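The residues making up each chain are set out below.
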Amino acid sequence: MSNTDFREGLKSGFPIALSAAPFGALFGAVAVDNGLSVVEATIMSGTVYAGASQLVGIELFGQKVAPWLIVLSVFAVNFRHILYSAAIAKMISNWSFLQKAAGFFVLVDPQFAESVRKYENTGTVGFAWYMGFAAPVYVLWLAMTIVGASLGNLIGDPKAIGLDVLLPIYFMGMVLSFRQRENFYPVMLASALGATVAYHIVGSPWHVSLGALAGILVAVLYPPKPNGEANPENKVETP
């Protein structure tokens, strides 16, 4: 593992870790509000490590919902991670099995977005850089979960002070970072419309996956013009 690449990943990942930190605290507070202990909330963050689905699961735990429905709901929210792993497969084809296993475990939303940009700019996504980027995000996520869970009783109901809007704002910012792509607006509008219609017809959390499928369908029907594989000599402008 290259120390230089790892440090470069750390440098890139630290600002992302700071931006994601409030969600870790939000999850910790919501977890305690739904009956989990600080230790249980921390273990969930450390093993599941998927903010949106953690929040969905926590909300369902306290409502006497059947376990199979909780599993399906979490799967619906996390369906996008299947798409993430498929999308970056070619970028990490030279990694070993264990490296891929570790890489897929920390493949959260900002990790995917930054890995795609890294690949488009340099033509490669090294394991050292990738894990360097992931390290501060993961560590700070756990730390802020502990903080949020420990202080959750002081916060009270997170929704009462508007903390529930943090996650949508975060996702909106991440999506808009790809706005310079040729087919961004048709795909984005299709996903938004599909999710909105699905929300009113099917309900939450299935509207997340159905909206994603609507966007994928438009992306297949209206693909960007091919410009060849990314390489260091043909860099793509970052947002």
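Predicted model only: the values in this text are computed from it and were never measured.

### Section: the nonpolar core
Within the largest apolar cluster, 25 residues are counted, with the highest numbers of intra-cluster contacts made by I88, M91, V125 and Y130. For this core, the leading source of residues is helix α7 (residues 127-155), giving 8 residues. Each residue touching I88, except ones within four places of it in the same chain, is listed here: F104, L107, F112 and Y130. Counting 11 residues, the second-largest nonpolar core is a separate cluster that includes F27, M44, L55 and I58.

### Quick word on the pattern of salt bridges
Throughout the structure, instances matching the rule amount to 2 salt bridges. Among the ionic pairs, E8 bridges to K118, the shortest N-O distance being 3.0 Å. In this pair, E8 is assigned in helix α1 (residues 3-33) and K118 in helix α6 (residues 109-122), connecting sequence segments 110 residues apart. For E8, a relative accessible area of 36% translates into the label partly exposed.

### A closer look at the environment of A190
Take A190: it is sitting in helix α9 (residues 184-201). Spatially, the C-alpha atom of A190 lies 9.3 Å from that of A219, the residues being 29 residues apart in sequence. The contacts of A190, once residues within four sequence positions are left out, are A214, G215 and V218.

### Focus on the packing of aromatic side chains
Taken as a whole, this structure holds 7 aromatic pairs when the rule is applied. Ring centres 4.8 Å apart and planes at 85° place the aromatic pair Y49 and Y138 in the edge-to-face group. Here Y138 lies in helix α7 and Y49 lies in the loop between α2 (38-47) and α3 (51-61), a separation of 89 residues in the sequence. Considering the side-chain rings of Y84 and F112, the 4.3 Å spacing of their centres and the 10° angle between planes classify their relative orientation as stacked. Of this pair, Y84 sits in helix α4 (residues 67-88) while F112 sits in helix α6, placing them 28 residues apart in sequence. An identical accessibility class is assigned to Y84 and F112; each is buried. Cluster of aromatic residues (ring-pair linked, three or more members): Y49, F105 and Y138.

### A look at the UniProt feature "transmembrane region" (unreviewed entry) in the chain
UniProt annotation of "transmembrane region" (unreviewed entry) refers to residues 12-32, 65-83, 127-148, 160-177 and 208-224 when read in the numbering used here. The distance from the first to the last C-alpha atom of residues 12-32 is 31 Å, and the span holds 100% helix and 0% strand. Span residues 127-148 is 100% helix and 0% strand, its end C-alpha atoms 31 Å apart.

### A closer look at the confidence of the model for the chain
Mean pLDDT over the chain stands at 81; residues scoring 70 or higher make up 81%. Mean pLDDT across the elements of the chain ranges from a minimum in helix α8 (residues 166-176), with 66, to a maximum in helix α5 (residues 97-105), with 95. Ignoring residues within four places in sequence, the model shows residues 228-239, a span with pLDDT below 50, making 25 contacts including any to other chains.

Reading guide: rules and limits
- Residues numbered from 1 in each chain as written.
- Predicted model: local features only at pLDDT ≥ 70, side-chain atom pairs only at ≥ 80, totals over all residues.
- Heavy atoms only, no water.
- Core = buried A, V, L, I, M, F, W, Y, C linked by side-chain atoms within 4.5 Å.
- Buried < 20%, exposed > 50% of the residue type's maximum accessible area, 1.4 Å probe, protein only.
- Helix = DSSP H or I, 4+ residues; strand = E, 2+ residues; numbered from the N terminus.
- Contact = heavy atoms within 4.5 Å.
- Salt bridge = Lys/Arg side-chain N within 4 Å of Asp/Glu carboxyl O.
- Phe/Tyr/Trp six-rings, centres within 6.5 Å; stacked < 30°, edge-to-face > 60°.
- UniProt positions renumbered as here; feature names shortened; annotations may be inferred.
- pLDDT = per-residue confidence, 0-100.

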